Amino acid sequence: EEEIKKIITHPDVMQYYPEHNFDLLLQKSYEYLKSVNSELQINVLNNIGDVYRKTQRYQEALDYTNEALKLAEAFENKHQIESAHKDLAKTYVLLQDFETAYQHLFEYNQLQEEEFYTQNFRQLNVLQTIYETEQKEAQIELLTEQNSINEANQDLMLFGGGAILFVSGISF
């Protein structure tokens, strides 16, 4: 079971495990998949779809990749949604259904663009937080220095006032 999990969840399973009987492996992995209730299922389904696409079993590839897409949407896993749309586009191109391929490629590009802007927004927020923190730290440091100077001035004034009183007390 662990070997099946390791093999079938690899991103390019056929490249790294060419010696396996994929029909049997896919059957076993699907049995394993039924017992798992996690986002890992999405990756497994998508990899099964990839194997079928790469072995020119396009309808089976579409079935598994569409199932992966539905599950990815249910889990709201944007990365896996992107991946499924990209893989569906590849399969539809191979079937020469260019209109449907374009629709999935368009969805893939929209999601990538959205993710790009989201990441940029996060990075901008982090940079702004760093900048504001540095500004506040610099302001605190400046106020601390001004406070030290004010305390020194007060001490000097007290000492000077005391010295004047002392000198005036001596002169009388």
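Predicted model only: the values in this text are computed from it and were never measured. (Residues numbered from 1 in each chain as written. Predicted model: local features only at pLDDT ≥ 70, side-chain atom pairs only at ≥ 80, totals over all residues. Heavy atoms only, no water.)

**Student:** Got a sec to walk through helix 4 (residues 40–54)? Specific residues and values, please.
**Tutor:** A rise of 1.5 Å per residue sets the reference length of helix 4, with its 15 residues, at 21 Å; its end C-alpha atoms lie 21 Å apart and thus fit the reference within 8%. Among the 15 residues of helix 4, 12 are classified as buried, and the element is accordingly described as predominantly covered. Considered for burial, the residues of helix 4 that qualify are Gln41, Ile42, Val44, Leu45, Asn46, Asn47, Ile48, Gly49, Asp50, Val51, Tyr52 and Arg53. (Helix = DSSP H or I, 4+ residues; strand = E, 2+ residues; numbered from the N terminus. Expected span 1.5 Å × (residues − 1). Buried < 20%, exposed > 50% of the residue type's maximum accessible area, 1.4 Å probe, protein only.)

**Student:** Describe the confidence of the model for the protein, with residues and values.
**Tutor:** Per-residue confidence for the protein gives a mean pLDDT of 84, with 81% of residues at or over 70. Put simply, helix 2 (residues 13–16) is where the protein has its lowest mean pLDDT, 55, and helix 6 (residues 78–94) is where it has its highest, 96. (pLDDT = per-residue confidence, 0-100.)

**Student:** Any chance you could break down a negative patch on the surface for me, citing the residues and the numbers?
**Tutor:** Together, Glu134, Glu137, Glu141 and Glu145 line one region of the surface with negative charge. Note on placement: Glu134 falls in helix 7 (residues 98–171). Residue Glu134 is classed as partly exposed on the basis of its relative accessible area, which comes to 49%. (Patch = residues over 30% accessible without salt bridge, like charges linked within 9 Å, V, L, I, M, F, W, Y side chains within 5 Å. Areas by Shrake-Rupley, 256 points an atom, 1.4 Å probe, with all protein chains shown as cover. Salt bridge = Lys/Arg side-chain N within 4 Å of Asp/Glu carboxyl O. Lys, Arg positive; Asp, Glu negative; His and termini not counted. Charge placed at Lys NZ, Arg CZ, Asp CG, Glu CD.)

**Student:** An account of unusual backbone geometry is requested, with residue identities and associated values reported.
**Tutor:** Located in the positive-phi region is Gln56, a residue other than glycine, with phi close to 60 degrees. Position of Gln56 relative to the elements: it lies in the loop between helix 4 and helix 5 (58–75). The phi dihedral of Glu76 is positive, around 55 degrees, even though this residue is not glycine. Inspection of the secondary structure assignment puts Glu76 in the loop between helix 5 and helix 6.

**Student:** Residue-level account of the packing of aromatic side chains, with values.
**Tutor:** Across all of its chains, the model carries 3 aromatic pairs by this definition. Each ring, one from Phe116 and one from Tyr117, has its centre 5.5 Å from the other, and the planes form 70 degrees; the classification is edge-to-face. A residue is classified by how much of its surface remains accessible, and Phe116, at 46% relative accessible area, is partly exposed. (Phe/Tyr/Trp six-rings, centres within 6.5 Å; stacked < 30°, edge-to-face > 60°.)

**Student:** Describe the nonpolar core, listing the residues and the values that go with them.
**Tutor:** Core analysis: the largest hydrophobic core is formed by 18 residues, its most contacted members being Ile42, Leu45, Leu69, Ile81, Leu88 and Tyr92. Taken together, the elements giving at least two residues each to this core come down to helix 4, helix 5, helix 6 and helix 7. Per element, the largest residue contribution to this core is 6 residues, and it comes from helix 5. (Core = buried A, V, L, I, M, F, W, Y, C linked by side-chain atoms within 4.5 Å.)

**Student:** So what's going on with the pattern of salt bridges? Which residues, and what values?
**Tutor:** Opposite charge on two side chains allows them to pair when their charged atoms are near. Per the counting criterion, the structure on display carries 4 salt bridges. Residue Arg53 pairs with Asp50 through a salt bridge whose shortest N-O separation is 3.0 Å. You can see Arg53 and its partner Asp50 sitting in helix 4, 3 residues apart, about one turn around the helix. For Arg53, a relative accessible area of 8% gives the class buried. Salt-bridge contacts for Glu114 lead to Lys78; the nearest nitrogen and oxygen are separated by 2.9 Å. Of the two residues, Glu114 sits in helix 7 while Lys78 sits in helix 6, which places them 36 residues apart along the sequence. Each of Asp50, Arg53 and Asp87 takes part in salt bridges that share partners, so that together they form one network.

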